[in-house]
Amino acid sequence: MTTAKFAEIKEYIRRHIEAGDWEENTRVPSENQLAEQFGCSRMTARRALTELVEAGVLERSQGLGTFVASLKSQSSMLSIRNIADEIKGRGHGHSVQVLELAAINAIAPIAIALGLEEGSDVFYSLLVHCEQGMPLQLEERFVNPELIPHYLKQDFSSQTPHEYLSQVAPLTEARHTIEAIIPKEQVRLRLNMPEGEPCLQIIRRTWSRQGVVSFARLVHPGSRFRLGGHLTFK
């Protein structure tokens, strides 16, 4: 019964946001109000609100309450998550366009990033991740074939590269840089962006216990994406 109430509360909040009844920055009902309305414990209501906050649907303000988050999609810069899970966590549909999947010769910067010899074969994928049918991320990824030999055989329309790599070569380390850029024309068109709009670009290199697994460039339209996180200091 508690699980049903918990899911019911989340769906109730999402439905009001999707319908436009509650716009961004609108205060949502409190834990007590939700517990009374749905006939459940305050703990159940708190869990529903907390998961929607973690998914970027809601925002908490200490002492003021919980509010509808900005409509920009939000990703955590403190953790590496599967973009499909982030989108589904907001109650939205995830889809992907696989633009390229091939073996290529590594130019110097890619070879150095993956710890391989220049000119070595590397696996390459180019995907566009969409939220509710709208492009949210252009993912360009170079993968070490010595560690991930079956990468090119995967169906990335049903499983993201991040999800697959996490299964076959669990992540032990990651380094990334984040910067604002003006995208080149081809990138702009793939992300369905107006001319002049900036992008948020994340360059990320990941390791497993066996070595460097992948080197990726993740590009997001500035008007549809933001990075956020929460730190607790003791």
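In this text the structure is predicted, and so the values were computed from the model without any measurement. (Residues numbered from 1 in each chain as written. Predicted model: local features only at pLDDT ≥ 70, side-chain atom pairs only at ≥ 80, totals over all residues. Heavy atoms only, no water.)

**Focus on the sheet that holds strand β7 (residues 173–181)**
On the basis of which strands lie adjacent, the open sheet formed by six strands has the order β4-β5-β6-β9-β8-β7 and antiparallel pairing. In the strand order of this sheet, the two ends are held by β4 (94–105) and β7, each with one partner. Neighbour-to-neighbour, the strand axes of this sheet turn through a mean angle of 15 degrees, independent of strand direction. Sheet topology note: the strand β8 (residues 199–208)/strand β9 (residues 211–221) ladder contains 10 bridges and is antiparallel. Within the sheet, the bridge partner assigned to Trp 207 lies in β9 and is Val 212. Where helix α6 (residues 161–168) meets the sheet, its contacts fall on β5 (121–131), β6 (134–143) and β9, and the angle it forms with β6 comes to roughly 40 degrees. (Pairing = 2+ DSSP bridges. Helix = DSSP H or I, 4+ residues; strand = E, 2+ residues; numbered from the N terminus. Axes fitted to C-alpha atoms, helices over the stretch in contact; angles between N-to-C directions. Contact = heavy atoms within 4.5 Å.)

**Topic: helix α3 (residues 42–54)**
With 13 residues, α3 should reach 18 Å at 1.5 Å per residue; the first-to-last C-alpha distance of 18 Å fits that figure. Of the residues making up α3, those classed as buried are Thr 44, Ala 45, Ala 48, Leu 49 and Leu 52. Viewed end-on, α3 has its buried residues packed into an arc of 135 degrees, placing them on one side of the element. Exposed side of α3, more than 90 degrees from the buried face: Met 43 and Glu 54 are the residues found there. Count one or two residues on from α3 and you reach Gly 56, which has phi positive near 85 degrees. (Expected span 1.5 Å × (residues − 1). Buried < 20%, exposed > 50% of the residue type's maximum accessible area, 1.4 Å probe, protein only. Arc of directions from axis to C-beta.)

**Re the pattern of salt bridges**
Per the stated rule, a full pass over the model turns up nine salt bridges. Notably, a salt bridge pairs Glu 173 with Arg 175, separated by 3.1 Å at the nearest N-O pair. Residue Arg 188 pairs with Glu 185 through a salt bridge whose shortest N-O separation is 2.7 Å. With a gap of three residues between them, Arg 188 and Glu 185 both fall in helix α7 (residues 185–190), about one helical turn apart. (Salt bridge = Lys/Arg side-chain N within 4 Å of Asp/Glu carboxyl O.)

**Describing the confidence of the model for the chain**
Any segment with low pLDDT has predicted coordinates that should not be analysed in fine detail. For the chain, mean pLDDT is 87; residues scoring 70 or higher make up 91% of the total. When the elements of the chain are averaged for pLDDT, strand β3 (residues 73–76) gives the smallest value, 54, and β5 the largest, 97. (pLDDT = per-residue confidence, 0-100.)

**Examining the packing of helix α2 (residues 31–38) against α3**
Taken N-terminus to C-terminus, the directions of α2 and α3 make an angle of 115 degrees; their axes are 8 Å apart at the nearest point. Note that α2 runs across α3; the crossing there is right-handed. Mapping the contact onto sequence places Glu 31, Asn 32, Leu 34 and Ala 35 in α2 and Arg 42, Ala 45, Arg 46 and Leu 49 in α3. (Left-handed = near helix turned anticlockwise from the far one by under 90°.)

**Considering α2**
Buried within α2 we find Glu 31, Leu 34, Ala 35 and Phe 38. Along the axis of α2, the buried residues cluster in a sector spanning 100 degrees; they form a single face. Looking one or two residues past α2, Gly 39 carries a phi angle of roughly 65 degrees, positive in sign.

**Some words on the side chain of Arg 14**
Turning to its location among the elements, Arg 14 is positioned in helix α1 (residues 2–18). Buried within the structure, Arg 14 lacks any salt-bridge partner; Glu 11 is the closest side chain of opposite charge, at an N-O distance of 5.0 Å. Non-local contacts of Arg 14, meaning those with residues more than four positions away in its chain, are made with Leu 52, Lys 88, Gly 89, Arg 90 and Gly 91. (Lys, Arg positive; Asp, Glu negative; His and termini not counted.)

**Focus: the nonpolar core**
A general trend in soluble globular proteins is that nonpolar side chains are found buried together. Counting residues in each nonpolar core, the largest one holds 23 residues, and the members touching the most others are Leu 114, Leu 138, Phe 142, Leu 191, Phe 215 and Val 219. For this core, the secondary-structure elements that each account for two or more residues are α5 (108–114), β5, β6, β8 and β9. Broken down by element, this core gets its largest block of residues, five residues, from β5. Non-local contacts of Leu 114, meaning those with residues more than four positions away in its chain, are made with Val 122, Phe 142, Val 143, Asn 144, Val 212, Val 213, Ser 214 and Phe 215. The next biggest cluster of nonpolar side chains, apart from the first, holds 19 residues, and it includes Phe 6, Trp 22, Ala 35 and Leu 58. (Core = buried A, V, L, I, M, F, W, Y, C linked by side-chain atoms within 4.5 Å.)

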